[in-house]
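# Examination of the molecular architecture
Listed here are the chains, written in short residue letters.
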Amino acid sequence: MSQEKQNVEFKKSSCILCSVNCGLDIQTGGESGRELLKIKGDRDNPSSQGYLCNKAARLNYYQMGQDRIDTPMRRKSDGSYEAVSWETAIKEVAAGLNKVKNSHGGDKILFIGGGGQGNHLGGLYSDGLQKALGVRYRTNALAQEKTGEFWVSGKMFGGGPHGDFEHAEVSVFLGKNPWQTHGFPKTRTILKDISRDPKRAMIVLDPCVTDTAKISDYHLQLQPGTDAWALSAMIAIVIQEELEDKTFLSDHTEGFDQIHAYFAQLDIAEYCKISQLDLDLVTRATRRLAQAKSVSIFEDLGTQQNINSTLVSYLQRILFVITGNFAKKGTANIGVSLLSVTDASKGDVSAKSTKKNINKKVSPVLGSKVIVGLLPCNEIADEILTDHPDRFRAAIIESSNPVHSYADSARMREAMQALEFSVVIDVAMTETANIADYVLPAASAYEKHECVFFQVDFPKNTFQLRHPIVDKLAGTKIEAEIHTLLIEELGALKPLHVAILRTAAKLGRRSFALAFTALLKFKPELMKVLPSLLYRSLGQTLNQGKSASAAPFWALCHQFVRKNRTYANNAGFTGSLWQAGEKMFETLLNSPSGFIFSDSGTDYSDTWKRMSRADKQIQLHLPELFPQVCNLDTSLLACPKEFPLILTAGQRRGETTNTIIRDASWDKKNKSSSLYIHPVDADKLKIESGDQVKISTQTGSGQTHAFVTEQQRPGFISLPNGLGLDYKNSQGKKVHIGIAPNELTSSDRKDFFAGTPWHKYVPAKIEKLSIA
Ligand SMILES: Nc1nc2c(c(=O)[nH]1)N[C@H]1C(S)=C(S)[C@@H](COP(=O)(O)OP(=O)(O)OC[C@H]3O[C@@H](n4cnc5c(=O)[nH]c(N)nc54)[C@H](O)[C@@H]3O)O[C@H]1N2
Ligand SMILES: Nc1nc2c(c(=O)[nH]1)N[C@H]1C(S)=C(S)[C@@H](COP(=O)(O)OP(=O)(O)OC[C@H]3O[C@@H](n4cnc5c(=O)[nH]c(N)nc54)[C@H](O)[C@@H]3O)O[C@H]1N2
Ligand code: SF4
Ligand SMILES: [Mo]
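Every chain begins its residue count from 1, and numbering advances along the sequence as written. Lettering for chains starts from A, numbering for ligands starts from 1, and both go in the order in which the items are written. Local features are withheld for residues below a pLDDT of 70 in this predicted model, meaning they are given only at 70 or higher, and side-chain atom pairs are given and counted only at 80 or more; totals for whole chains, interfaces and linings count all residues. The basis for every side-chain value is the complete set of heavy atoms in the structure, and neither hydrogens nor water enter the calculation.

When its domains are assigned, the protein resolves into domain 1 (3-63), domain 2 (73-144 + 340-454 + 460-599), domain 3 (147-335) and domain 4 (639-768). Where each domain begins and ends follows an automated or database-derived domain assignment. Spacing between the C-alpha centres of domain 1 and domain 2 amounts to 26 Å. Carbon and sulfur atoms supply 56% of the area that domain 1 and domain 2 bury against each other, a total of about 1800 Å² over both sides. A carboxyl oxygen of Asp or Glu within 4 Å of a side-chain nitrogen of Lys or Arg is what we treat as a salt bridge. On inspection of domain 1 and its partner domain 2, the count reaches 1 salt bridge. Note that Arg 34 and Glu 447 form a salt bridge whose closest N and O atoms lie 2.9 Å from each other. The term polar contact refers here to a pair of N or O atoms within 3.5 Å; inside protein, the definition further demands a hydrogen-donor-capable atom paired with an acceptor-capable atom, and it admits residues adjacent in sequence only when both atoms are side-chain atoms. Joining domain 1 to domain 2, the criterion identifies 12 residue pairs in polar contact (both at pLDDT 80 or more). Each of two parts loses accessible area, computed with a 1.4 Å probe, when they are put together; buried area is these two losses added.

The next subject is the side chain of Ser 549. Inspection of the secondary structure assignment puts Ser 549 in the loop between α24 (530-536) and α25 (552-563). Residue contacts are defined here by distance: any two heavy atoms, one from each residue, within 4.5 Å place the two residues in contact. Not counting the four nearest positions on each side in its chain, Ser 549 is found in contact with Leu 121, Tyr 125, His 449, Ile 478, Ala 480 and Tyr 535. Helix and strand definitions here come from DSSP, where helices need a minimum of 4 consecutive H or I residues and strands a minimum of 2 consecutive E residues; each element is numbered from the N-terminal end.

Among the buried residues, those of types Ala, Val, Leu, Ile, Met, Phe, Trp, Tyr and Cys that are joined through side-chain atoms within 4.5 Å form a nonpolar core. Note on classification: 1.4 Å probe, protein chains only; a residue is buried when its accessible area is under 20% of the maximum for its type, exposed when over 50%, partly exposed between these limits. Counting 99 residues, the largest nonpolar core has Leu 59, Tyr 446, Phe 463, Phe 553 and Met 584 as its most contacted members. In contact with Met 584, not counting residues within four places along its chain, are Leu 338, Cys 557, Phe 560, Val 561, Ala 568, Phe 573, Phe 595 and Phe 597. By size, the runner-up hydrophobic cluster in this structure holds 76 residues, among which are Trp 151, Ala 285, Ile 318 and Ala 754.

For two strands to count as paired, DSSP must find a minimum of two bridges between them. Taken together, 4 strands build an open sheet; the order of strands is β10-β9-β8-β12 and the sheet is parallel. Pairing within the sheet leaves two strands with one partner each, and these edge strands are β10 (218-220) and β12 (295-299). Geometrically, the sheet is characterised by an average inter-axis angle of 10° between neighbouring strands, direction not taken into account. Contacts between helix α15 (residues 309-322) and the sheet are confined to β8 (170-174) and β12, with β12 contributing the most and set at about 175° to the helix. Simply put, an axis is a line fit to the C-alpha atoms, just over the touching stretch for a helix, and the angle between two N-to-C directions goes from 0 to 180 degrees.

Dropping the structure here:
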């Protein structure tokens, strides 16, 4: 048998390329033993049940990427990097951060990131590092898409409800192309089911004829940026035709009277005209929705990164609430999580400080809203590039590539350079790493225990603690170890306390629990670095220390059982609180395909209990937003004369994966980087598919090839997300393919409320380049 064959084995893991994290069965091996050779869907995964999409097959380009880093690096004064030992790197990074803390305060250190689509475990540990440093401000990608939605959901429901597309009679996709971008388990299977079933319907609001729109029943192919008008018209149709659910409204909502008068007099035909939609089509779609037993709506980047994004989040919720689509099967319900992603990134912004800005939860320089603990990420450069005394002086960046993913890359590079200190923790030499003072190499998602905290389903919620399936790339460390080393170097975790708990852990879990409780009572400040304390102590007893990084789940499982005893019981975690918590923790450790940790049974009305609002009444009138709803401003839609086209800077396509897979060697014909343009615009500019074009915006310009397609709308062009990376391909050659979308975007085109950017509405022009 060849060496290669001997190394071959299938192991359970999951895909890290989008938020649904399909379970995978992966055959590992190859020369190094560290390759992901064959990738299948894992039927044992309780959430994805064997489902996967085309992108998972490319994960080896992530795992074996030539850009992987295998040693800590320090930047020299000439901008190049030198390898340094881990010992040196930890000492110098801790000293660099401490220096900023001592001279300007820990609140001048910004934390960016926290695990992207697939790796949230490091986030638990970085939380300890932040607390040890007194970091107060954080941001990550959620704060350029979902913060407006989170704010509205919080105000209206006191919780974050999600649609149930598997059971909904009518599914609505609003600026969302789930066929390509997923967003809920087994997406394509469910979309196919809906489209085949004559009793169900799909409504899509999208300017493009996407793969989702193609299989929909009602495609409202609106003018870009006009969703607020289209949704207002739909609400007005419900109200003017008296299709609202009156019983639901009187039993469960407040504020209907306050919004009723406005929609009752709204000129529906005029609003449809602004959206360039056929009144009859909008009316039919709205009646179908209003008369359905259950409706679920999914909004995503098409509206969240567009004009009026927070207002659209509000309007779509008004639409499903007035039609009674909440807390029932097939409608919006509130799931439970072991730890929510937003809890994990909330931070303690409002704690203790006497400073005015901090108490009001606003950003230090611009005074922008901090929503779910996150600063608007497109304003980060503006929070740094100023002489304001409260500007950020340092940044810790983990599993995020802000120089590529935040608005106006040139300004983000300038901001990075203006910092007194920066450190990037990543698997690859990214555009952001390439400009940091120190780069610390992390083990990949397949080389360590990992998990995600996206658990939004109802009635069952699953959790998967993935196990490492290949050896670590030599020279890398897992995030748990990196953060713990930094915390120890900062003196926030003492060997004595670790030693006490280690001894107790050897005597068994009960003894550990007693010692742990006693120690925390005596030294409450250890709460700040709890994950690292558990990692160093209890962790050493988990699978002979090989599963040490899973130790914080011991506390999380016990906490979950205490707070949600019935749900845990339904999922099989029975007995005393202690027994149920232990059982859950053991199951978590030993279920590499994942397990169901919470089951609400069949009673969807449990969603009411999960609303944090004491009165359990949905708020339909939000005084912060309703005046703007009544005064929608068409002047926002205008483009400057010299930039007459509207660009989507960052469309998801079948091939794109944010910047997680950097090496696009699988794309032999370089199809993924093209600029999509409608034949009407292409004819005017004499452009044919394959022609090189230059695209310019008010911020920057770039070159790529065109692809002429009827999928676009006239006047509306698109570039893919995640392209324009500088990477080494599998042959070790330096490559740059396509345009980095944020070379073309600006940080001042943003939502008035949440600061989310208008990346889907960038005024642009294109020219055909003559072939040299
Ligand atoms: N293949 C693939 N899938 C992914 C990702 C990936 O990189 N590649 N990334 C993941 C991530 S991080 C995210 S956040 C999600 C995003 O998932 P989506 O939001 O579905 O992705 P996009 O393609 O960016 O935008 C969705 C749609 O918005 C439409 N749109 C543009 N302008 C407007 C408008 O004015 N109004 C309306 N109604 N629609 C408009 C576009 O035509 C597009 O079809 O995808 C996830 N899934
Ligand atoms: N113009 C424009 N800009 C956009 C968008 C758009 O549509 N248009 N979309 C936005 C959206 S929705 C999103 S979600 C963001 C995404 O942007 P970011 O949040 O910046 O992240 P990703 O591109 O997903 O890259 C994830 C990073 O994690 C690293 N990584 C992977 N695995 C590990 C690991 O195990 N450990 C560590 N430490 N690092 C790891 C990868 O190398 C990469 O650098 O981009 C946003 N930016
Ligand atoms: S990219 Fe595809 S395989 Fe991977 S998690 Fe998303 S849907 Fe599943
Ligand atoms: Mo995203």
